[in-house]
Amino acid sequence: MTDYRNLIKEAIRARENAYAPYSGFYVGAALLAAYEQDGKPLIFTGCNIENAAFTPTNCAERTAFFKGISEGVRAFRAIAIAGGRQGALSDYTMPCGVCRQVMMEFCNPETFEVIAAVSEDDYRVFKLKELLPEGFGPDNL
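Rules used throughout
- Residues numbered from 1 in each chain as written.
- Predicted model: local features only at pLDDT ≥ 70, side-chain atom pairs only at ≥ 80, totals over all residues.
- Heavy atoms only, no water.
- Pairing = 2+ DSSP bridges.
- Helix = DSSP H or I, 4+ residues; strand = E, 2+ residues; numbered from the N terminus.
- Axes fitted to C-alpha atoms, helices over the stretch in contact; angles between N-to-C directions.
- Contact = heavy atoms within 4.5 Å.
- Buried < 20%, exposed > 50% of the residue type's maximum accessible area, 1.4 Å probe, protein only.

Caption draft 1: Layout of the sheet that holds strand E5 (residues 123-127). If you trace the five strands from one edge of the open sheet to the other, you get E2-E1-E3-E4-E5, paired in mixed fashion. Each of the sheet's edge strands pairs with one partner strand only, and the pair in question is strand E2 (40-47) and E5. This sheet shows a mean twist of 20 degrees between the axes of neighbouring strands, independent of strand direction. Inspection of the sheet shows strand E3 (residues 76-85) paired to strand E4 (residues 113-117) by five bridges, in the parallel sense. Its bridge partner being in E4, Ile79 is matched across the sheet by Val114. Sheet strands touched by helix H2 (residues 60-70): strand E1 (25-37), E2 and E3. Its angle to E2, the strand with the most contacts, is close to 130 degrees.

Below you can see the structure in the form of structure tokens.
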């Protein structure tokens, strides 16, 4: 079973590093690998990183995925996402379409969990297949 509270706490902490001078919307993500390291959950965090040219902007979810992938991890169980304007966490922050497609590349849509959180006690859990019902990945090309 996934420890949602700890994953959410890590996403909220990652949010503190967000660089969002254009939108003012700060997002943090915590990605849980499918296995442990040294008996502890292996978690990769990420934040959104904006750019004046907009296209090079990277979402928190993809930052977390790319960190994990660059470390050789290819299997993941869940991701927690927390975001809001300026310093305040607000409504549930959902992954964009590009992030959902990256998740499809490395995750089983039937089992991978996306946790949209406002706090450690206020969150919603979705299976990836709910967020990208007709998505495609390497298993169905």
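Caption draft 2: Geometry of helix H3 (residues 97-106). Listed in full, the buried residues belonging to H3 are Cys99, Arg100, Val102, Met103 and Met104. Residues of H3 that are buried sit in contact with H2, E3, E4 and helix H4 (128-131).

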